[in-house]
Amino acid sequence: DEQYDPRAVQDKWQAVWAELEPFKAVEEDDGRERRYALDMFPYPSGDLHMGHAEAFAIGDVPARYWLQKGFNVLHPIGWDSFGLPAENAAIKRNSHPAEWTYANIDTQAGSFKRYAASFDWSRRLHTSDPEYYRWTQWLFLRFYERGLAYRKGGHVNWCPNDQTVLANEQVVGGHCERCGALVEKRVLTQWYFKITEYADRLLDDMAQLEGKWPERVLLMQRNWIGRSTGADVDFVIEGRDAPVTVYTTRPDTLYGATFMVVAADAELAEEICAPEQRTAFEAYREEVSRESEIERLSTERDKTGVFLGRHAINPVNGERIPVWASDYVLAEYGHGAIMAVPAHDQRDLDFALKFGLPVRTVVDTGEPDPGQTGVATAGDGRIVNSGPINDLSKADGIATIIEILARQGNGKASVNFRLRDWLVSRQRFWGCPIPIIHCDACGEVPVPDDQLPVRLPENLRGADLSPKGTSPLAAAADWVNVECPKCGGAAKRDTDTMDTFVDSSWYYYRYCSPDYTDGPFDVEAVRKWGPVDQYTGGVEHAILHLLYSRFFTKVLHDMGMVDFTEPFTRLLNQGQVILNAKAMSKTTGNLVDLGQQIDEFGVDVVRLAMLFSGPPEDDIDWADVSPHGMSKFLSRVHRIASEVASDAGVDPSAGSVDLRRVTHRTISEATMLVEAERFNVAISRIMELVNATRKAIDSGPGAADPAVREAAETITILLSLFAPYTAEDAWSLLSRTAPVIKAGWPTADPALLVQESVTCVVQVAGKVKDRLEIPPDISDADLEAQALASPKVQEALNGAGIAKVIVRAPKIVNIVPQR
Ligand code: ANZ
Ligand code: ZN
């Protein structure tokens, strides 16, 4: 017989789907329950690659499953189309970033269609479209009104290569997340979103996500937010009016504070430095300004620092302790100053030993003296050398010291977060302009809503866009100079654009009403569709995008625009596609070309290989997959469909019970496996059903048996989640009407799920005396009773008493008679 070629049927069915639009979500209530399946939208860099093929094959399964189940499914697609690569390409080609961007989007859209992604194409959006970024600007202004968008000067991360600032989240190990350059610190005035105001809620609402998001993502978010509890303690500084506050997680060690350390780059250090130490301090600070954050945080490095020529007074015992400046204390955390307790904090101990400062143990943990060993003891123990809190435990010591400080009025319990406000301004062109006008007379003036969008100029090209340290928009005089909306005087537009993570923090709401013109989204539409039921995408977004989207959702909730507080109910992070253990990412280059794989094997083979290789969250080594094996399997399915006589409508209950049992067990298990996201195992169950069907055709009741048709239809419907083209073609061979995706998910007949009986051997004194047909899940007690009741067993016992009965249900019962 003729070999089936999965490539041959693709164009035909793609055209049919374009006509039938089976993936279109229905806006009106039509009695069906709604489901929202979302894939992280792509960045338009070139064509789709193997990583996309994996992610979108995985994301397609729940969407297709829900369609088969009869839900009204929203499964949209769009593009995250602002960003640096487009700008760099435009500089190279002397063009406008939009040209490269929209050409790539078209390429990717064509590839998605060929790949049979089950998208509702009518909802397509691009974040770089003015009709989209108009609403990004509108949201910025609402944040601004609520005090959640503000400008401040301060130390920021600066990428010397991209010539732009970066959010903390975009600095990975001290390097620019995008280009890898070592990140520098600069003092600049920038726009921030006040995400810290939501720190508690971002942590506490994670309770809703427990068990529904990958545990490691929740852990990464928790660590990133980094809530710590302790106390603020005020130290009087000799010769200075205002005290210096330090943050400590260990107020129980206050009697062990033998010096204080101020961040060398904090204003405080500059301010309290005594005149005779100024030269030394300034030289040191200069050194520190050249260090990267990784260097500063490294525990391996030798400690450095300088004495500031001042003393602080310990608020509980009046002791005078020297104040130092060092780089291991960060200006931006807590109060930028610490009380150093070298006996119980390793960094402080390293510093004390380096500079000959005293070490005093105040918690006896039973370990040797840190001053001698150089190893700080951080554990619990009995408090010593600490006046009123002696003999207390760590926890009681903390509580008591906080009480004492509160009574004295120089300290209180305090909570700190590692999370910083989100720096959102960028000095680049291809992003959403910040809708603020700067007027000498009025200050910051929001662009009025009816003047949105503030459009990007279209006349800047090539070299106009090259990095200059300020936004290329600053050079566009006709764009920058405007009338102040308040006073009508001469004013200037803000020339920064927004971090592209702002664009992607709300796109999933826009999909619910993509053409809405009265706001970023129709609140009613989001009430119907939201929140997203299943979100699929890469774990590289475990912190940034997901945290920002969660933040946006909480703000939108507070604005009364959404009625839930978490945007993504379930999250699935697919693994990576690798080749011989090398990751296939943008940076290592695409070692395998998706287009070429599809040309060679066909879409269904690639999709199936992606899904069958293992659980979705595991990495796939493309060197280990077998496209030929997948191809063979699809051929077997296709052949079964072509052999089954076209007598649709015959009652399957007239067919082979043995095959029907396999079919219904497969339905039951595949349903559970798909819902548990074990797609690879679901596919292997389908393969087993294909084998059983083949056998029934070749050496069983034959292709005309109604049970064989039932099996063939079941195989086809189940396969429509994973290999859509072949499923559609098989469906038509079975004389059924397209689209197969609306065929309806089959339900298993419980009567056919009851397992057949198994045979149990019954021995008396080690000799087989009877065989019982019993249910496989029989209990030991029932089995023992049945065995003892057997006439053959009674005969063998011949009136003897029973010493012992050994039961191994459902296989064997051994009866030991009394002698
Ligand atoms: C005294 C002490 C004694 C501390 C001890 C620890 C152990 P987390 O958990 O991360 O919040 N610290 C405070 N502000 C800092 C800053 N700006 N830069 C660097 N370190 C800073 O850590 C809080 C602890 O880190 C604080 O508690 C403080 O040292 C230090 F046995 O105070 B601790
Ligand atoms: Zn003005």
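Computed from a predicted model, the values in this text were never measured in an experiment. (Residues numbered from 1 in each chain as written. Chains lettered and ligands numbered in written order. Predicted model: local features only at pLDDT ≥ 70, side-chain atom pairs only at ≥ 80, totals over all residues. Heavy atoms only, no water.)

Time to look at the overall build of the chain. Looking only at helices and strands, the chain has 28 helices and 34 strands in total. By its C-alpha atoms, the chain is 105 × 90 × 45 Å across when sized along the principal axes. As displayed, the chain has an accessible area near 34200 Å², and 49% of this comes from carbon and sulfur atoms. Taken together, the 85 basic and 118 acidic charged side chains of the chain have centroids lying 2 Å from each other. (Helix = DSSP H or I, 4+ residues; strand = E, 2+ residues; numbered from the N terminus. Areas by Shrake-Rupley, 256 points an atom, 1.4 Å probe, with all protein chains shown as cover. Lys, Arg positive; Asp, Glu negative; His and termini not counted. Charge placed at Lys NZ, Arg CZ, Asp CG, Glu CD.)

The next subject is the coordination of the zinc ion (ligand 2). Each protein donor to the zinc ion (ligand 2) is listed here as C439 (SG), C442 (SG), C484 (SG) and C487 (SG); together their distances run 2.2 to 2.4 Å. Geometry at the zinc ion (ligand 2) is tetrahedral, judged from the four donor atoms that bind it and their angles of 105 to 113° at the metal. Coordination of the zinc ion (ligand 2) draws on donor residues from a single chain, spaced C-x2-C-x41-C-x2-C in sequence. (Donors = N, O, S within 2.8 Å, 3.2 Å for Na, K, Ca; no water. Tetrahedral: all angles 85-135°; square planar, octahedral: opposite > 155°, others 65-115°.)

Moving on to the UniProt feature "short sequence motif: 'HIGH' region" (unreviewed entry) in the chain. The feature "short sequence motif: 'HIGH' region" (unreviewed entry), as given by UniProt, occupies residues 42-52 in the numbering adopted here. A distance of 8 Å separates the end C-alpha atoms of residues 42-52, which is 27% helix and 0% strand. (UniProt positions renumbered as here; feature names shortened; annotations may be inferred.)

The next thing to look at is the environment of L423. Examined against the element boundaries, L423 turns out to sit in strand 19 (residues 422-423). Judged by relative accessible area, which is 6%, L423 ranks as buried. Between the alpha carbons of L423 and H155 there is a distance of 11 Å; along the sequence they are 268 residues apart. Excluding residues within four positions of it along the chain, L423 makes contact with V156, V165, L166, A167, Q190, W191, Y192 and D499. (Buried < 20%, exposed > 50% of the residue type's maximum accessible area, 1.4 Å probe, protein only. Contact = heavy atoms within 4.5 Å.)

Here we come to the packing of aromatic side chains. Within this structure, the stated rule accounts for 45 aromatic pairs. Ring geometry for F140 versus W191: centroids 5.3 Å apart, planes at 75°, classification edge-to-face. Of this pair, F140 sits in helix 5 (residues 130-145) while W191 sits in strand 9 (residues 184-193); the two residues are 51 residues apart in sequence, bridging distant segments of the chain. The interplanar angle of 85° and the centroid separation of 5.4 Å between the aromatic rings of F193 and W422 together place this pair among those described as edge-to-face. Separated by 229 residues along the polypeptide, F193 in strand 9 and W422 in strand 19 bring together distant segments of the chain. Comparing F193 with W422 shows no difference in burial state: the two are buried. Feature note: the residues F140, F143, Y144, W191, F193, Y198, W422, F501, Y548, F551 and F552 constitute an aromatic cluster, connected by ring pairs. (Phe/Tyr/Trp six-rings, centres within 6.5 Å; stacked < 30°, edge-to-face > 60°.)

We now examine the pattern of salt bridges. Under the defined criterion, the tally for this structure stands at 51 salt bridges. A salt bridge links R34 to D29; its shortest N-O distance comes to 2.7 Å. Judged by its relative accessible area of 59%, D29 is exposed. Between E643 and R694 there is a salt bridge, and its shortest N-O distance comes to 2.8 Å. On the criterion of sequence distance, the pair formed by E643 in helix 21 (residues 627-643) and R694 in helix 23 (residues 679-699) is long-range, its members being 51 residues apart. Judged by its relative accessible area of 9%, R694 is buried. Here the residues in one salt-bridge network are D205, R550, K554 and E566, joined through shared partners. (Salt bridge = Lys/Arg side-chain N within 4 Å of Asp/Glu carboxyl O.)

On to unusual backbone geometry, then. Look at the link from G530 to P531: it is a cis peptide, with omega at -15°. Mapped onto the elements of the fold, P531 is located in the loop between helix 17 (523-529) and strand 26 (532-538). The omega angle of the peptide bond from A738 to P739 is 0°, so this bond is cis rather than trans. Residue placement: P739 occurs in the loop between helix 25 (724-733) and helix 26 (750-753). Phi angles above zero are rare outside glycine, and N94 is one such case at about 50°. Inspection of the secondary structure assignment puts N94 in the loop between helix 3 (84-93) and helix 4 (97-114). Phi angles above zero are rare outside glycine, and N798 is one such case at about 55°.

What follows covers the packing of helix 23 against helix 24 (residues 706-719). Any two packed helices are characterised by the angle at which their axes cross and by the distance between the axes. Look at helix 23 against helix 24: their axes get within 10 Å of each other, and the N-to-C directions meet at 155°. Relative to helix 24, the element helix 23 is oriented roughly antiparallel. Relative to helix 24, the crossing made by helix 23 is left-handed. When helix 23 is examined against helix 24, the residues I686, L689, V690, T693, A696 and I697 are found in contact with a partner set consisting of V708, A711, T714, I715, L718 and L719. Per-class residue counts for the contact of helix 23 with helix 24 are ten nonpolar, two polar and no charged. (Axes fitted to C-alpha atoms, helices over the stretch in contact; angles between N-to-C directions. Parallel < 35°, antiparallel > 145°, perpendicular 65-115°, else oblique. Left-handed = near helix turned anticlockwise from the far one by under 90°. Nonpolar A, V, L, I, M, F, W, Y, C, P; charged D, E, K, R; others polar.)

Before going further, it helps to spend a moment on the side chain of E87. Assignment of secondary structure puts E87 in helix 3. Excluding its chain neighbours within four sequence positions, the residues that come into contact with E87 are P97, R428, F429, W430, L465 and P472.

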